[in-house]
Amino acid sequence: MLKTRVITALILAPIAVGGIFFLPPMGFALFTGAIITLGAWEWANMAGLTNQASRVGYAAAVALVLWLVYQPHSAVLWLAVLWWFLCLLLVRSYPAGSGSWSPVAVRMLMGLAVLVPAWVGLNVLRNGSFQFGGVDNNLLIILYVFCIVWVADIGAYFAGRAFGRAKLAPRVSPGKSWAGVWGGLAAVAAFALLVSWLAGAGMEDALLLILASLVTGAVSVLGDLLESMLKRFRGIKDSSQLLPGHGGIMDRIDSLTAAIPVFALLISQLGWLTAGI
């Protein structure tokens, strides 16, 4: 399994880096749109569509929605914030509250609420005019939001192993603990402070970046928990087997789908990103 995971990572890493960091805006939109569409194909299974034709049809419908919202609208990002707040309530009420979202049609709509704002947020970050301290490279801010999720995961792993007694959501994801959440957020705060210093940002901007990063890191946990909840309800371990040794695309981007639109909205409201929304 380890060998398979390493080989898959070695193949996919340069494709992902090239597609995200070296394509022009339209190429970026198409590349990330393809990833989201594959994620939609996986989501269809989590929604309860087991027929292959139905899953492909759902993915095609999501792709059509992406095309319709290519010109980013701030309303999509605001709706994403409301959606992830609702997800907090859904996760907290599982399994007692699962009756409200168990119908296949509702879970299909949930997929739209997860996938479409993530893609819109990515394009907002890619196409907007960005300035933070002495940094004005949009690609760096995309890398930064990815790093928020990775740093939160790493911090949560070590803090959870050392202190993880109180479980975060045992009925959804038994391995996650409150210590892991706090450890991950502490790591995110330290990372944001380091980035602020490297960017030459002032104290006020540094504090605001730390706050925005903490909110983003906290929301990223919800992205992970929501997918875990749906997979547990559906009785499956992975979203698919598209990535040998790694599960599916949604298993890799679940936290990012929550983090990206929230972060894009936050830095837009703080005035660091303009014209892309």
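It should be noted that the structure appears before, not after, this text.
Asker: Go over the layout of surface pockets, please, and point to the residues and values.
Answerer: Its boundaries defined by the atoms lining it, the second largest pocket holds a volume of some 520 Å³. Going through the elements one at a time, α4 (74-92), β2 (167-169), α7 (178-199), α8 (203-234) and α9 (249-269) are the ones with two or more residues in the lining of the second largest pocket. With 7 residues, α4 is the largest single contributor of residues to the lining of the second largest pocket. A per-class count over the lining of the second largest pocket returns 23 nonpolar, 1 polar and 2 charged.

Asker: Give a detailed account of the nonpolar core, specifying residues and quantitative values.
Answerer: Most often, soluble globular proteins keep nonpolar side chains buried together rather than apart. Of all hydrophobic cores here, the largest spans 80 residues; its most connected members are W43, W84, L125 and L226. Here the element with the most residues in this core is α9; it accounts for 12 residues. Beyond its immediate chain neighbours, meaning those up to four positions away, W84 contacts V114, V219, L222, G223, L226, T257, A258 and V262.

Asker: Before we move on, can you summarise unusual backbone geometry with the specific residues and values?
Answerer: Note that the residue after Y94, namely P95, is joined by a cis bond; omega there is 5 degrees. Along the chain, the position of P95 falls in the loop between α4 and α5 (104-127).

Asker: Report on empty space enclosed by the protein, specifying residues and quantitative values.
Answerer: All told, the structure shown has 1 cavity of 30 Å³ or more when counted by the stated rule. Its boundaries defined by the atoms lining it, the largest cavity holds a volume of some 40 Å³. W43, W84, V114, G223, L226, E227, M250, D254 and T257 are the residues that line the largest cavity. When residues of the lining of the largest cavity are traced back to their parent elements, those giving at least two are α8 and α9.

Asker: Now, about the packing of α5 against helix α6 (residues 138-163): what can you tell me, with residues and values included?
Answerer: For the pair α5 and α6, the least separation of the axes is 7 Å and the interaxial angle reads 145 degrees. Across the interface between the two elements, L122, L125, R126 and N127 of α5 pack against N138, L139, I141, I142, V145 and F146 of α6. Split by residue class, the contact of α5 with α6 holds 7 nonpolar, 2 polar and 1 charged.

Asker: Let's hear about a nonpolar patch on the surface: which residues, and what values?
Answerer: Together, I7, I11, L12 and I15 give the surface a local cluster of nonpolar side chains, amounting to about 340 Å² of exposed area. Relative to the helices and strands, I7 is located in helix α1 (residues 2-21).

Asker: Tell me about the side chain of S196, and please be specific about residues and values.
Answerer: With respect to the secondary-structure elements, S196 resides in helix α7. Accessibility expressed as a relative area gives 2% for S196, which makes it buried. At 2.9 Å, the side chain of S196 forms a polar contact with the backbone oxygen of A192. When sequence neighbours within four positions are dropped, the list of residues in contact with S196 reads F132, A201, A206 and L209.

Asker: Describe the side chain of R107, naming the residues involved and giving the relevant values.
Answerer: With respect to the helices and strands, the residue R107 is situated in helix α5. One buried charged side chain, R107, makes no salt bridge at all; its nearest oppositely charged neighbour is E227, positioned 12 Å away. From its side chain, R107 meets the backbone oxygen of M46 in a polar contact 3.0 Å long. With residues near it in sequence (within four places) discarded, R107 still touches W43, M46, A47, G48, W101, S102, L230, F233 and R234.

Asker: So, the packing of helix α2 (residues 25-47) against α5: which residues are in play, and what are the values?
Answerer: At a minimum axis distance of 10 Å, the contact between α2 and α5 shows a crossing angle of 165 degrees. The pairing of α2 with α5 is recorded here as roughly antiparallel in orientation. Two packed elements cross with a definite hand, and for α2 against α5 that hand is right-handed. From α2, P25, F28, A29, T32, G33, I36, G39, A40, W43, M46 and A47 reach across to α5, where they touch V104, R107, M108, M110, G111, V114, L115, W119, L122, N123, R126 and N127.

Asker: So, α4: which residues are in play, and what are the values?
Answerer: Counted at 1.5 Å a residue, the expected span for α4 with its 19 residues is 27 Å, and the 28 Å between its end C-alpha atoms agrees. Those residues of α4 that are buried are in contact with α5, β2, α8 and α9.

Asker: Tell me about the pattern of salt bridges, and please be specific about residues and values.
Answerer: Any two side chains of opposite charge can pair, so long as their charged atoms come close to each other. Enumeration according to the criterion identifies 4 salt bridges in this entry. The closest approach of N and O atoms between K231 and E227, which form a salt bridge, is 3.7 Å. Placement of both K231 and E227 in helix α8 is noted, with a separation of 4 residues, approximately one turn of the helix. For the residue pair K231 and E227, the accessibility class agrees, reading buried in each case. Overlapping salt bridges bring together E227, K231 and D251 as one network.

Asker: So what's going on with the packing of aromatic side chains? Residues and values would help.
Answerer: Across all of its chains, the model carries 10 aromatic pairs by this definition. Residues Y94 and W101 carry aromatic rings whose centres are separated by 6.2 Å and whose planes lie at 25 degrees to one another, so their mutual orientation is stacked. Taken as a pair, Y94 and W101 share a single burial class, namely buried. Through a chain of ring-to-ring contacts, three or more aromatic side chains come together here, namely Y94, W101 and F233. Just above the ring of W41 sits the side chain of R55; from NZ or CZ to the centre is 3.9 Å.

What counts, and at which threshold
Residues numbered from 1 in each chain as written. Predicted model: local features only at pLDDT ≥ 70, side-chain atom pairs only at ≥ 80, totals over all residues. Heavy atoms only, no water. 1 Å grid on protein atoms, 1.4 Å probe; cavity = no way out; pocket = protein on both sides within 12 Å on 5 of 7 lines; lining within 4 Å. Points joined across faces, edges and corners; volume = space filled by probe spheres on them. Helix = DSSP H or I, 4+ residues; strand = E, 2+ residues; numbered from the N terminus. Nonpolar A, V, L, I, M, F, W, Y, C, P; charged D, E, K, R; others polar. Core = buried A, V, L, I, M, F, W, Y, C linked by side-chain atoms within 4.5 Å. Buried < 20%, exposed > 50% of the residue type's maximum accessible area, 1.4 Å probe, protein only. Contact = heavy atoms within 4.5 Å. Axes fitted to C-alpha atoms, helices over the stretch in contact; angles between N-to-C directions. Patch = residues over 30% accessible without salt bridge, like charges linked within 9 Å, V, L, I, M, F, W, Y side chains within 5 Å. Areas by Shrake-Rupley, 256 points an atom, 1.4 Å probe, with all protein chains shown as cover. Salt bridge = Lys/Arg side-chain N within 4 Å of Asp/Glu carboxyl O. Polar contact = N/O pair within 3.5 Å; in protein donor to acceptor, adjacent residues only side chain to side chain. Lys, Arg positive; Asp, Glu negative; His and termini not counted. Parallel < 35°, antiparallel > 145°, perpendicular 65-115°, else oblique. Left-handed = near helix turned anticlockwise from the far one by under 90°. Expected span 1.5 Å × (residues − 1). Phe/Tyr/Trp six-rings, centres within 6.5 Å; stacked < 30°, edge-to-face > 60°. Lys NZ or Arg CZ within 6 Å of the ring centre and 35° of its normal.

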